[in-house]
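Secondary and tertiary structure notes
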Amino acid sequence: MNPIQVGVVMGSSSDWDTMQHAVQILKDFDIAHEARVVSAHRMPDDMFAYAEAAAGRGLQAIIAGAGGAAHLPGMLAAKTVVPVLGVPVASKHLSGVDSLHSIVQMPKGVPVATFAIGQAGAANAALFAVALLASHDAALREKLVAYRAEQTAAARAMTLP
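The present account deals with the structure reproduced in this document. It should be emphasised that the depicted structure is a prediction, and the values quoted were computed from it without experimental measurement. (Residues numbered from 1 in each chain as written. Predicted model: local features only at pLDDT ≥ 70, side-chain atom pairs only at ≥ 80, totals over all residues. Heavy atoms only, no water.)

Some words on helix α2 (residues 44-54)
How we decide: Per-residue accessibility, obtained with a 1.4 Å probe over protein chains only, is compared with the maximum for each type, and a residue is labelled buried under 20%, exposed over 50%, and partly exposed between these values. Helical segments are the DSSP runs of H or I of at least four residues, strand segments are the runs of E of at least two, and each set is numbered from the N terminus. Note: the arc covers the axis-to-C-beta directions of the helix. The contact definition used throughout considers only heavy atoms, calling two residues in contact when any of these lie within 4.5 Å.
Every buried residue of α2 is listed here: Met47, Tyr50, Ala51 and Ala54. An end-on view of α2 places all buried positions within 95° of arc, on one side of the element. Tucked inside the fold, the buried residues of α2 contact β1 (6-10), β2 (33-37), β3 (61-66) and α3 (72-78).

Shown next as structure tokens:
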């Protein structure tokens, strides 16, 4: 079994509807991963322990989904050198714009890569993690090139009514 390379974390189980799209991409590329709820508000000690242990456990990236106050990606990034990829999860009241604004406003020195709100952001965060890993793995790079070629072919095959 490959060691886990990517952590997918979210603030609550309700974020799974969005974050499962990141997990599916990782599965499609056979990337060893884990998915957990690690709430910045409800379980801060667990969240800090997760971040502090990430590099030592071999994680190469953390995809962090957060709705509402969206503290999870930034708090993780403050406690690890592992790249954190933030995915704003749409909330009931502000449709995820609040989460997006929270994630992109990290102070200098605490970087969080930020992706689109919702499912597209989750999928793109996973593809970004694949690209990070592919920079040191020729076979994975070939799979990513093939994936992109399939996307291009599908776009060219589209017909308009």
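A word on the sheet that holds strand β5 (residues 113-114)
Note the cut-off: Strands qualify as paired when DSSP identifies two bridges or more between them. Here an axis means a line fitted to C-alpha atoms, over the contact stretch when the element is a helix, while the angle between two N-to-C directions is reported on a 0 to 180 degree scale.
The 5 strands are arranged β2-β1-β3-β4-β5 in an open sheet whose pairing can be described as parallel. Each edge of the open sheet carries a strand with a single partner, namely β2 and β5. Bridge analysis of β3 against strand β4 (residues 84-88) gives 5 bridges, and the strand direction is parallel. Bridge pairing links Ala66 to Pro88 in β4. Along the sheet face, helix α5 (residues 119-134) touches β1, β3 and β4 and points at about 170° away from the line of β4.

A look at the layout of surface pockets
Test applied: Computed over the protein atoms alone on a 1 Å grid, cavities are sets of points where a 1.4 Å probe fits but cannot get out and pockets are open sets with protein on both sides within 12 Å along at least five of seven lines; a residue lines them when it has an atom within 4 Å of a point. Grid points are joined across faces, edges and corners, and a volume is the space filled by probe spheres set on the points. The nonpolar class holds Ala, Val, Leu, Ile, Met, Phe, Trp, Tyr, Cys and Pro. Asp, Glu, Lys and Arg form the charged class, and all remaining residues, Gly among them, are polar.
Here the largest pocket is characterised by a volume of approximately 410 Å³. Lining the largest pocket we find 22 residues, and of these Ser12, Ser14, Asp15, Gly67 and Gly68 sit closest to its centre. Class assignment of the residues belonging to the lining of the largest pocket gives a composition of 7 nonpolar, 11 polar and 4 charged. In this model, the second largest pocket occupies a volume close to 160 Å³. Broken down by element, the lining of the second largest pocket gets its largest block of residues, 3 residues, from helix α6 (residues 138-157).

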